[in-house]
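Descriptive structure summary
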Amino acid sequence: MVYNSEGVNPAKYLNDLGITAIILKYRLFREDSTYSLEKEVRQDAYRAMRLVRSHAKEWGIDTNRVGMWGFSSGGEVVTQVAYAPGYGDQKAKDPVDRLNGKPDFQILVYPGPLGIPQSVPKDAPKAFLVVANNDACCSAPIVTLLSAYRDARVPVEAHIFANGDHAFNMGYKTDLLSLKAWPSLLTNWMIDSHIIPASGSKQPQ
């Protein structure tokens, strides 16, 4: 729904770090839609992950470092594929549908409450979580997810800022210094998590 601020801008940020980025325009499940999060939107998320892996050689992608990033309702999309096994259908006619659809890591920025589990499996993808504490919609899901990750002993990093409310996007338009700086925390996490190399990476402006 927020294609530029929560799609194009994050993709360009990743490009600056040498990361290939693909923007998913998924079917919307609110606004009186006939689609559901658990069916059509989950299908879109799985298809996107599998399509990326099917083009890995062509696009120069490491199939073991394919992540998914979601803002707000986009975070709910990520949850649909992050905690299930993700195995493809080996009998599918389309070879894309035979591939693994589970992300290797996830980035959730003020994710909506739908799909947030009370517990996560041991093979859950490592996670980077960001939210403002005064976000009435989406601070609680981050706290729940952080606790679940801690219980499962799966790598997680969470940043809960005092202010910022909802939809601060990449922090480009806010006056709050902590929110302006949050993408640099993501860069550091990706380096520390060995998603990208430290040498040659540059902090986005």
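Each value, and the rule that gives it
Residues numbered from 1 in each chain as written. Predicted model: local features only at pLDDT ≥ 70, side-chain atom pairs only at ≥ 80, totals over all residues. Heavy atoms only, no water. Helix = DSSP H or I, 4+ residues; strand = E, 2+ residues; numbered from the N terminus. Contact = heavy atoms within 4.5 Å. Areas by Shrake-Rupley, 256 points an atom, 1.4 Å probe, with all protein chains shown as cover. Lys, Arg positive; Asp, Glu negative; His and termini not counted. Charge placed at Lys NZ, Arg CZ, Asp CG, Glu CD. Pairing = 2+ DSSP bridges. Axes fitted to C-alpha atoms, helices over the stretch in contact; angles between N-to-C directions. Buried < 20%, exposed > 50% of the residue type's maximum accessible area, 1.4 Å probe, protein only. Expected span 1.5 Å × (residues − 1). Parallel < 35°, antiparallel > 145°, perpendicular 65-115°, else oblique. Nonpolar A, V, L, I, M, F, W, Y, C, P; charged D, E, K, R; others polar. Patch = residues over 30% accessible without salt bridge, like charges linked within 9 Å, V, L, I, M, F, W, Y side chains within 5 Å. Salt bridge = Lys/Arg side-chain N within 4 Å of Asp/Glu carboxyl O. Core = buried A, V, L, I, M, F, W, Y, C linked by side-chain atoms within 4.5 Å. Phe/Tyr/Trp six-rings, centres within 6.5 Å; stacked < 30°, edge-to-face > 60°. Lys NZ or Arg CZ within 6 Å of the ring centre and 35° of its normal.

In this section: the overall build of the chain. Each helix and strand counted, the chain has seven helices and four strands in total. Reading the chain from its N end, one meets helices and strands in the order α-α-α-β-α-β-β-α-β-α-α. Overall, the chain is about 50 × 45 × 35 Å in size when its C-alpha atoms are taken along their principal axes. Intrachain contacts of the chain at a sequence separation of at least 6 include 65% that bridge at least 24 residues. As displayed, the chain offers around 10900 Å² of accessible surface, 51% of which is attributable to carbon and sulfur atoms. A gap of 6 Å separates the mean positions of the 22 positive and 21 negative side-chain charges of the chain.

Sheet strands line up and pair through hydrogen bonds in the backbone, either parallel or antiparallel. Read across the sheet, four strands follow the order β1-β2-β3-β4 without closing on themselves; strand pairing throughout is parallel. The open sheet has two edge strands with one neighbour each: β1 (67-71) and β4 (156-161). Going across the sheet, the axis of each strand differs from the next one's by a mean of 5°, ignoring polarity.

Once that is clear, we can look at the environment of Val156. Tracing the backbone shows Val156 in strand β4. Residue classification places Val156 among the partly exposed residues on the basis of a relative accessible area of 27%. Each C-alpha atom, one on Val156 and one on Ser193, is 10.0 Å from the other, the two residues being 37 residues apart in sequence. When neighbours within four sequence positions are excluded, Val156 is seen to be in contact with Ala127, Leu129, Leu146 and Tyr149.

The terminal C-alpha atoms of helix α5 (residues 139-152) lie 20 Å apart, and with 14 residues this matches the ideal 20 Å at 1.5 Å per residue to within 8%. Those residues of α5 that sit buried are Ser139, Pro141, Ile142, Leu145, Ala148, Tyr149 and Ala152.

We now examine the environment of Gly88. Position of Gly88 among the secondary structure elements: in the loop between α4 (73-82) and β2 (105-109). Exposure remark for Gly88: the relative accessible area of 17% places this residue in the buried category. Excluding residues within four positions of it along the chain, Gly88 makes contact with Arg50, Asp97, Arg98 and Leu99.

Glancing now at the packing of helix α2 (residues 37-54) against α4. At a minimum axis separation of 9 Å, α2 and α4 run at an interaxial angle of 80°. The angle between the axes of α2 and α4 places the two elements in the roughly perpendicular class. Residues Leu37, Glu38, Val41, Arg42, Ala45 and Tyr46 of α2 form the contact with α4, whose participating residues are Glu76, Val77, Gln80 and Val81. Residues of the contact of α2 with α4, tallied by class, amount to six nonpolar, one polar and three charged.

A cluster of nonpolar residues, Met1, Val2 and Leu28, forms a patch on the protein surface that exposes about 280 Å² of accessible area. In this structure, Val2 sits in the segment before α1 (4-16). Classification of Val2 by relative accessible area gives partly exposed; the value is 38%.

A word on the nonpolar core. If you look at the biggest cluster of nonpolar residues, it comprises 55 residues, and the most contacted ones within it are Trp69, Val109, Trp182, Leu186 and Met190. Contributing elements (two or more residues each) for this core: α1, α2, β1, α4, β2, β3 (126-132), α5 and α7 (182-192).

Attention now goes to the packing of aromatic side chains. Counted under the stated rule, the structure contains eight aromatic pairs. Arranged with centres 5.5 Å apart and planes meeting at 20°, the rings of Trp69 and Phe71 form a pair that is stacked. Per residue, the accessibility class of Trp69 equals that of Phe71, and both read buried. Seen from their ring centres, Tyr110 and Phe168 are 5.0 Å apart, and the 80° between their planes marks the pair as edge-to-face. Note that Tyr110 is positioned in the loop between β2 and β3 and Phe168 in the loop between β4 and α6 (177-180), a separation of 58 residues in sequence. The class for Tyr110 is buried, based on a relative accessible area of 0%. Connected via pairs of aromatic rings, a cluster forms that spans Tyr13, Trp69, Phe71, Phe105, Tyr110, Phe128, Phe168, Trp182 and Trp189. A cation sits over an aromatic face here: Lys25 above Tyr3, 5.0 Å from the ring centre. Positioned above the aromatic ring of Tyr35, the side-chain terminus of Arg27 is 5.3 Å from the ring centre.

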